[in-house]
Amino acid sequence: MTTRPETAPEATLTGTEITRTDCKKCGTEVHGIDGRYACPLCGWVNAWSEGHRALPEAHEDLDYPGR
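Residues numbered from 1 in each chain as written. Predicted model: local features only at pLDDT ≥ 70, side-chain atom pairs only at ≥ 80, totals over all residues. Heavy atoms only, no water.

Caption draft 1: Quick look at the overall build of the protein chain. Broken down by element type, the protein chain carries one helix and two strands. Looking at the protein chain residue by residue over its 67 residues, the buried ones come to 18%. Contacts in the protein chain between residues at least 24 apart in sequence constitute 10% of all its contacts with a sequence separation of at least 6. A total accessible area of about 5,600 Å² is found for the protein chain, and carbon and sulfur atoms account for 54% of it. (Helix = DSSP H or I, 4+ residues; strand = E, 2+ residues; numbered from the N terminus. Buried < 20%, exposed > 50% of the residue type's maximum accessible area, 1.4 Å probe, protein only. Contact = heavy atoms within 4.5 Å. Areas by Shrake-Rupley, 256 points an atom, 1.4 Å probe, with all protein chains shown as cover.)

Below, the structure is given as structure tokens:
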């Protein structure tokens, strides 16, 4: 079993914004981070490219194996 270093939640959300929209499939109000959404009722997910900012590079991910 591997252990990950503990990171404060606010450190991982620095510069991010919680956003909301209506699900394009069923109309439910959904919330996401930086314009990326997934509906818990019908499973609709918007395209990764529709987000408000670029996704981090692999080496910037806290779960990256080489970290």
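Caption draft 2: Spatial organisation of unusual backbone geometry. You will see that D34, though not glycine, has its phi angle at about 50°, which is positive. Following the sequence through the fold, D34 ends up in the segment after β2 (29-33).

Caption draft 3: Structural view of the pattern of salt bridges. If you walk through the whole model with that rule in mind, you get three salt bridges. The partner of R20 in a salt bridge is E29, with the nearest N and O atoms 3.5 Å apart. Residue class for R20 comes out partly exposed when judged on its relative accessible area of 42%. Using a relative accessible area of 45% as the deciding quantity, one classes E29 as partly exposed. R53 serves as the salt-bridge partner of D34, at 3.0 Å between the closest nitrogen and oxygen. Of this pair, D34 sits in the segment after β2 while R53 sits in the segment after β2, and the two are 19 residues apart along the sequence. Assessed through its relative accessible area of 6%, D34 is described here as buried. Sharing partners across several salt bridges, the network here consists of R20, D22 and E29. (Salt bridge = Lys/Arg side-chain N within 4 Å of Asp/Glu carboxyl O.)

The quantities given are spatial measurements derived from coordinates; they are silent on function.
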